[in-house]
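# Observations on chain architecture
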Amino acid sequence: MHTHLTIRPRHGLWEPGRSSRITHVTVHCTEGATAKGAASWWQNAAAGGSAHVVIDDEFLIRAVNDADTAYHARGVNAYSLGLEIVGFARWTRDEWLDHPERLEEAARIHAGWCNAYAIPLVWSTRAGFHSHAGLPGNDHTDPGDGFPWDAYVENVRSFLEGEPVREGGRSLRLFLPNGKRYGGWTREESAGFDGPALGPVKWLARRRRPAKPGTVLTWKGSRFDDPADLPAVARTILNRTEDR
Ligand SMILES: [Zn+2]
């Protein structure tokens, strides 16, 4: 279980409010050893930027609220959420996979954002997710060629497909298809971290297609008895990620 902290970046390294609707998650790595180290770096004017959340194996740090603009990737900040995973762009796949805690926690946050803002789980520079590397107008290489995108996306998908259950109105427990159980935050603790995802937790898509007969899928308040009738963006969440 990660310890949750809020550490705001220095004024000027983020901006209150947004000029565009949130449609995107940019995945970064910090090029440093700890989440606290990254958050402290953002206290420094020389840092030149910030991100919404930074995660290592022990800490989940909320730096900028979703509703505010972090400066994490040129050109996309207005509509993107910046997710910093502690690690190095030079890491090999095996080095990343040696840190499952941070990869799973990042995937959990990513899935929460997909749900909160109807962001499809697809590789995209506009509506979906993308590495910082390869975003137009950016010269960064993170999170690097060794980043295990397949495992990461599978984690996000597991959270999207998990069954959320509120226990006593206070805790969120997520039961994953593999039998693992996850969660345990109180509403108060989690509010600052999951943002609008909390409140009534709304999962857009609980199951991968084909849905079992009788399964009712909902999207933005409308019912869809046949998944084929879902809007494309909702079907995308239910289906496989696009090829990168
Ligand atoms: Zn980056």
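Structure shown above.
What this report covers is the structure whose coordinates are included nearby. Keep in mind that what you see is a predicted model, and the values were worked out from it rather than measured. (Residues numbered from 1 in each chain as written. Predicted model: local features only at pLDDT ≥ 70, side-chain atom pairs only at ≥ 80, totals over all residues. Heavy atoms only, no water.)

## So, the pairing of strand β7 (residues 80-85)
Burial of β7 is extensive: 6 of the 6 residues sit out of reach of the surface. Burial of the side chains of β7 extends over both faces: Ser 80, Gly 82 and Glu 84 are buried on one face and Leu 81, Leu 83 and Ile 85 on the other. When strand β3 (residues 24-29) meets β7, the two strands line up parallel, connected through 6 bridges. Among the inter-strand pairings, Thr 26 is bridged to a residue of β7, identified as Gly 82. As paired strands, strand β4 (residues 53-55) and β7 are joined by 3 bridges and run parallel to one another. Its bridge partner lying in β7, Ile 55 is registered against Ile 85. (Buried < 20%, exposed > 50% of the residue type's maximum accessible area, 1.4 Å probe, protein only. Helix = DSSP H or I, 4+ residues; strand = E, 2+ residues; numbered from the N terminus. Pairing = 2+ DSSP bridges.)

## A closer look at the packing of helix α3 (residues 100-117) against helix α4 (residues 149-161)
Helix packing geometry: the angle between the two helix axes and the distance between the axes. Close contact between α3 and α4 brings their axes to 8 Å; oriented N to C, the two are set at 55 degrees. Taken together, the axes of α3 and α4 lie oblique to each other. Relative to α4, α3 is oriented so that their crossing is right-handed. Packed against α3, whose contacting residues are Leu 103, Glu 104, Ala 106, Ala 107, Arg 108, His 110, Ala 111, Cys 114 and Asn 115, the element α4 presents Tyr 152, Asn 155, Val 156, Phe 159 and Leu 160 at the interface. (Axes fitted to C-alpha atoms, helices over the stretch in contact; angles between N-to-C directions. Parallel < 35°, antiparallel > 145°, perpendicular 65-115°, else oblique. Left-handed = near helix turned anticlockwise from the far one by under 90°. Contact = heavy atoms within 4.5 Å.)

## Quick look at unusual backbone geometry
When glycine is set aside, most residues are seen to have a negative phi, and most peptide bonds are trans. Residue Pro 143 is bonded to the preceding Asp 142 through a cis peptide linkage, with omega at 0 degrees. Along the chain, the position of Pro 143 falls in the loop between β8 (128-131) and α4. Of note in this structure, Glu 31 is not a glycine but carries a positive phi near 60 degrees. Looking at the element boundaries, Glu 31 is found in the loop between β3 and α1 (35-41). Its relative accessible area of 42% is what places Glu 31 among the partly exposed residues. Although it is not a glycine, Ala 118 adopts a positive phi angle of roughly 55 degrees.

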